[in-house]
Each structure stands twice: as structure tokens, then as C-alpha cells.
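Fold and geometry: a report
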Amino acid sequence: MSMLVKTLWANEGGDAAQDVVYAWLKQHVLTLPRNETTFLTEAQVCRETGVSRTPVREAFLRLEADGLLKIMPKKGAYIAPITEAEIDSIMQARRLVEEWCAQQASRFGSALADELDRLIDQQDQVRNDRIAFIESDRDFHRAIVRAAGNPVLETFYESLRDRQVRMGVHAISVGSRIDEVLAEHRRIAQAIRAAEADRAVAAVGEHLARTLTALREPTFGNWSPGPRAT
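What you are looking at is a predicted structure, and each value in this text was computed from that prediction instead of being measured.

**Quick word on helix H5 (residues 84-105)**
The terminal C-alpha atoms of H5 lie 31 Å apart, and with 22 residues this matches the ideal 32 Å at 1.5 Å per residue to within 8%. Among the residues of H5, those classed as buried are Ile87, Ile90, Met91, Ala93, Arg94, Val97, Glu98, Cys101, Ala102 and Ala105. Burial along H5 is one-sided: seen end-on, the buried residues are contained in an arc of 165°. Relative to its buried face, H5 has exposed residues pointing more than 90 degrees away, namely Ala85, Gln92 and Leu96. Buried residues in H5 make contact with helix H6 (109-125), helix H7 (130-147), helix H8 (151-159), helix H9 (164-171), helix H10 (177-193) and helix H11 (197-215).

So, in C-alpha cells, the structure goes:
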């Protein structure tokens, strides 16, 4: 049993087998190299986590709902690679949505910027936990999309989440990307605070362009997820 699993058991307690398996599987999937194809069987996960097959099946179902794997009946779970075409398509869709939303959200000025500053501080506090950092990153961008006030776009934006966390975990492994992301978020928040819509749109565009550049870096295949904060 891995140290991560032991820590999860200690944090969750003996009655939360499904949650322990879900947390272990989620970290395993999200820290895979983006171009790697993986197949997991129930037996493998049972051995790694020390639980029975029922919690493993339930965890598989939760992760399938999250869009992180696909259950293959009587075989296990398939984790597909993230292709260059998929990266380009998702980032193009994000740019279309987020630039428009930043323009609309700028009319809220300080009210929204205060919330964005809080989310940036929260993200900075979890900078040593890559998964938590990217989840906080999503909260930052989601706040801008929600503030734009278009529920159709908000629903569409949420549908893009399926592989974004895994993509993001790898993007921040490139160089000093974590510090860059925080600085770019601050520039977005500053533009919104000043109610300067054009500057906010430009800041979002620059941020997403830099993220795309990081996603295209060829270093991911040799990347190690490193320790997760506990």
C-alpha cells in the first residue's frame, strides 16, 4: 500500500473506502503524462489501495462522470491520451468564451476583482499541490464566466472541464509556469478592477496563449508529478 493511500485512510477514516479509492485514482489519472494511454483493472486498484472491488467500481463510475476515464465492461478502465488536436480545440473554445466573458464581467469592477483577488491568494497557498492549484485555477476562470451572466455559455464552459485538470497539471510543470500563472491572473483581476474591458480581454488572451504554449512543450513524457501536499 502506497504512502498516499495510507495518508488518505488516515484522513478519511475506515468507513470511506470509496472516497479513498476515488482520491487515489484521481491523482493517478491526473498526473499521467498527457500523451500516455493507460488501462487499469479492478484487481490492480484493489491491490494498490487495499480495498474490495465494490468501492473500486464506484470510484470508476465517479471518475467516468468526471470525464477522466472510460469504463470498459468486464475489463476495467481506459484512460486515453490527450492529443494535440484536442488541446487546440479546447483552448480555442476557452478563448472564445473567456475573452467575451471578461469583457462583460469588467462592468462589475471592484466587486468581482475582490473575489478574484481572494481566489488568487487561495491558489497561491496551494502552489505545492499541483492538482489543488489547477482546481483553484478553474475556480478563478469560472468566477469570470459566471459574472458575465450568460447561463448557456456557463453550461458550455463547464462541459469543457473533462480533461482540463489533467492538461493543466502538465502545463504548470513547465519551467516557472506556476509563478507566471499567478502573475497573469493578477493582471486580469487588475484590468477588471479598473473596469477596462479591452485590457481584461487582452490579459485573458495572453494568459491562454501562454498556457497553450506550455501545453505544447515536449517535456511532458519525462515529467514526474512530485509529492502531493498533505
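Right, picking up where we left off after that structure.
**Concerning the packing of aromatic side chains**
Per the counting criterion, the structure on display carries zero aromatic pairs. Stacked on the ring of tyrosine 22, the Lys or Arg arginine 62 has its end atom at 3.8 Å from the ring centre.

**Thoughts on helix H3 (residues 42-49)**
Within H3 the residues assigned to the buried category are Glu42, Val45, Cys46 and Thr49. Along the axis of H3, the buried positions cluster into a sector of 105°, meaning they face one direction only. Among the residues trailing H3, glycine 50 stands out with phi positive, at a value near 75°.

**Section: the pattern of salt bridges**
Enumeration over the complete set of coordinates arrives at 21 salt bridges. The partner of glutamate 135 in a salt bridge is lysine 26, and the shortest N-O contact between them spans 2.8 Å. A residue pair is termed long-range when its members are at least 10 positions apart, and glutamate 135 in helix H7 and lysine 26 in helix H2 (residues 17-30) qualify at 109 residues. When its relative accessible area of 28% is taken as the criterion, glutamate 135 is described as partly exposed. With a shortest N-O distance of 2.9 Å, arginine 127 and aspartate 124 are connected by a salt bridge.

**A few points about the pairing of strand E3 (residues 76-79)**
Relative to E3, strand E1 (residues 38-40) is paired through three bridges, and the arrangement is antiparallel. Of the residues in E3, the one forming a bridge with threonine 38 is isoleucine 79. One ladder, built from three bridges, connects strand E2 (residues 70-72) with E3; its direction is antiparallel. For lysine 70, the partnering residue across the bridge sits in E3 and is tyrosine 78. Where E2 folds back onto E3 in an antiparallel hairpin, the turn is made up of three residues, including lysine 74, whose phi is positive at roughly 65°.

**Section: the nonpolar core**
In terms of nonpolar packing, the biggest core is built from 64 residues, with Leu25, Val45, Phe60, Leu116 and Ile144 touching the most fellow members. Setting aside anything within four residues of it in sequence, one finds leucine 116 in contact with Phe140, Ala143, Ile144, Ala189 and Ile192.

**Side note on the confidence of the model for the protein**
Mean pLDDT over the protein stands at 84; residues scoring 70 or higher make up 87%. Mean pLDDT in the protein bottoms out at helix H1 (residues 3-12), which sits at 45, and peaks at H10, which reaches 97. Taken as a whole, residues 219-230 scores under 50 in pLDDT and shows 28 contacts with residues more than four places along the chain or in a different chain.

**Regarding the environment of proline 81**
In this fold, proline 81 is placed in the loop between E3 and H5. Spatially, the C-alpha atoms of proline 81 and proline 33 are 8.1 Å apart, while their sequence positions differ by 48 residues.

**Overview of the side chain of arginine 138**
Turning to its location among the elements, arginine 138 is positioned in helix H7. Residue contacts for arginine 138: discarding those within four places in its chain leaves Glu158, Arg161 and Val165.

**Comments concerning the packing of H2 against H3**
Following both chains from N to C, one finds H2 and H3 inclined at 105°, their axes separated by 11 Å at the closest point. Put simply, H2 runs roughly perpendicular to H3. For the pair formed by H2 and H3, the contact residues are Val21, Trp24 and Leu25 on the first element and Val45, Glu48 and Thr49 on the second. Split into classes, the residues belonging to the contact of H2 with H3 amount to four nonpolar, one polar and one charged.

**Considerations on the sheet that holds E2**
Strand-to-strand pairing in sheets goes through backbone hydrogen bonds, with the strands running parallel or antiparallel. Across the sheet, three strands lie side by side as E1-E3-E2; this open sheet has antiparallel pairing. Edge positions in the sheet fall to E1 and E2, since each has one partner strand and no second. Going from strand to strand, the sheet's axes swing by 30° on average, the running direction of each strand aside.

Reading guide: rules and limits
Residue numbers here run from 1 along each chain, matching the order of that chain's written sequence. The predicted origin of the model limits local features to residues at a pLDDT of at least 70 and limits the giving and counting of side-chain atom pairs to 80 or more, whereas totals for whole chains, interfaces and linings rest on all residues. Excluding hydrogens and water, the side-chain figures rest on all heavy atoms present in the structure. In this description a helix means any DSSP run of H or I spanning at least four residues, a strand means any run of E spanning at least two, and both kinds are numbered starting from the N terminus. One less than the residue count of a helix, multiplied by 1.5 Å, gives the span that helix is expected to have. Accessible area is worked out with a 1.4 Å probe on protein chains only. A residue is then buried under 20% of its type maximum, exposed over 50%, and partly exposed in between. Relevant arc is that of directions from the helix axis to the C-beta atoms, nothing else. We call two residues in contact when some of their heavy atoms are within 4.5 Å. Stacked, tilted and edge-to-face are the three classes applied to pairs of Phe, Tyr and Trp rings, where Trp contributes its six-membered ring and a pair requires centres within 6.5 Å; stacked means planes under 30 degrees apart, edge-to-face means over 60, and tilted covers the rest. Both a distance and an angle decide whether a charge sits over a ring: NZ of Lys or CZ of Arg must be within 6 Å of the ring centre and within 35 degrees of the ring normal. Each reported salt bridge corresponds to a side-chain nitrogen of Lys or Arg within 4 Å of a carboxyl oxygen of Asp or Glu. Each pair of strands is called paired provided DSSP finds at least two bridges between the two strands. Residues grouped as a nonpolar core are buried Ala, Val, Leu, Ile, Met, Phe, Trp, Tyr and Cys residues, joined through side-chain atoms within 4.5 Å. Every residue is assigned a pLDDT by the predictor, reflecting its confidence on a scale from 0 to 100. Here, axes are lines fitted to C-alpha atoms. For helices the fit covers the stretch in contact, and angles between N-to-C directions go from 0 to 180 degrees. Orientation labels follow simple angle bins: below 35 degrees gives roughly parallel, above 145 gives roughly antiparallel, 65 to 115 gives roughly perpendicular, and whatever is left gives oblique. Three residue categories are used. Nonpolar comprises Ala, Val, Leu, Ile, Met, Phe, Trp, Tyr, Cys and Pro, charged comprises Asp, Glu, Lys and Arg, and polar comprises the others, including Gly.

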